[in-house]
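The primary structure of each chain is shown beneath.
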Amino acid sequence: MKYWLHAFRLRTLPLAMSSIITGSALAAFHHAFRWPVFALALVTAVLLQVLSNLANDLGDHLHGTDNEVRVGPQRAVQSGAISTAAMKRAMWICGLLAFVSGIALIVIALGLSVTTLVFLLIGLLAIGAAVKYTFGSNPYGYAGFGDISVLLFFGIVGVVGTFYLHTGSFAPSVLLPAFGIGLLSTAMLNLNNMRDIHGDAANGKRTLAVRMGAERAKGYHAALVLIGFACLVLFNATHFHTWWQYLFVISFIALDRHLRFVLKNKEPRALDPHMKILALTTLVTALLFSLGLVLAA
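Here goes a summary of the coordinates provided.

The rules behind each value
- Residues numbered from 1 in each chain as written.
- Predicted model: local features only at pLDDT ≥ 70, side-chain atom pairs only at ≥ 80, totals over all residues.
- Heavy atoms only, no water.
- Patch = residues over 30% accessible without salt bridge, like charges linked within 9 Å, V, L, I, M, F, W, Y side chains within 5 Å.
- Areas by Shrake-Rupley, 256 points an atom, 1.4 Å probe, with all protein chains shown as cover.
- Salt bridge = Lys/Arg side-chain N within 4 Å of Asp/Glu carboxyl O.
- Helix = DSSP H or I, 4+ residues; strand = E, 2+ residues; numbered from the N terminus.
- Buried < 20%, exposed > 50% of the residue type's maximum accessible area, 1.4 Å probe, protein only.
- Core = buried A, V, L, I, M, F, W, Y, C linked by side-chain atoms within 4.5 Å.
- Contact = heavy atoms within 4.5 Å.
- Axes fitted to C-alpha atoms, helices over the stretch in contact; angles between N-to-C directions.
- Parallel < 35°, antiparallel > 145°, perpendicular 65-115°, else oblique.
- Left-handed = near helix turned anticlockwise from the far one by under 90°.
- Nonpolar A, V, L, I, M, F, W, Y, C, P; charged D, E, K, R; others polar.

### Some points on a nonpolar patch on the surface
Piece 1. On the surface, a cluster of nonpolar side chains totalling about 640 Å² of accessible area is made up of L96, F99, V100, I103, V107, L112 and L124.
Piece 2. It is helix α5 (residues 84-110) that provides the largest number of residues to the nonpolar patch, a total of five residues.
Piece 3. Judged by its relative accessible area of 36%, V107 falls in the partly exposed class.

Given below as structure tokens:
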């Protein structure tokens, strides 16, 4: 079982949770929170993240990116702990569970309507994006489009979509926290890509970090974190009700320490422990931001 837990990559799950928590808190801020929607959205997001992690494990193995010189935790398929066939079965099961959970979420939130079909299409696109990041022929992660996908699905779709499922409406202002969480999540991917920059370059995986080079990737990383955090600050500045809304600023202490380490770092391997730190800090930021909104509602 421990090999499967490694394959699930539990340290990435806080990112999936952050977008759902934030979108739900924004709904509560608009007095439209619904527990069944929150629970099902959270389950669906976690299942999609696990699906993406399993597909990434298998995809990188099949493309030869996971090898004996790879930096970071050893992958399940590459190490032989889990067979290719078993990983494919797990992907099918996880994808099916995400689909069923997503259907239940959409129907409970929206009933049966044209909007339901639109969200069903978005759900199918999310499943496809989770799988095609590094799995199959021409995976978009190998062409450097992973950052855009994370911003879209962890930010716009995750936050704005969750808000809509709660409220049945769209508010342009929620785009600010959506970009905030999306950019912080994209920073997590960029950190992963900076850690793997040499191995990815050698194996033809042209991530943005590979394309920009290590030093520019550091600057890009700082921009993602700082602009993402600024989006959350700006939302509260334009929707101010109480000073509790700025409770999340506490988390910037950890983000500042993280950025100082990344900007000074010369050894990609040393970035690996900071992936867990950044994921948890993003979750804490989302939780404190959300708590502030709930207290302000």
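### Observations regarding the nonpolar core
Piece 1. With 61 residues, the main nonpolar core has L26, L191, M194 and L293 as its most contacted residues.
Piece 2. Excluding anything up to four places from it in sequence, L293 contacts A25, L26, F29, F235, N236 and Q245.
Piece 3. Counting 22 residues, the second largest nonpolar core, distinct from the first, contains A7, L54, I127 and A130.

### What to know about the packing of helix α2 (residues 13-29) against helix α7 (residues 146-167)
Piece 1. Interaxial distance between α2 and α7 falls to 8 Å at its minimum, and their mutual angle equals 40°. In terms of their interaxial angle, α2 and α7 are classed as oblique. Here α2 runs over α7; the crossing is right-handed. Of the residues in α7, those touching α2 at L15, A16, S19, I20, T22, G23, S24, L26 and A27 are F154, G158, V159, T162, F163, H166 and T167.
Piece 2. Here the residues of the contact of α2 with α7 are counted per class, giving eight nonpolar, eight polar and no charged.

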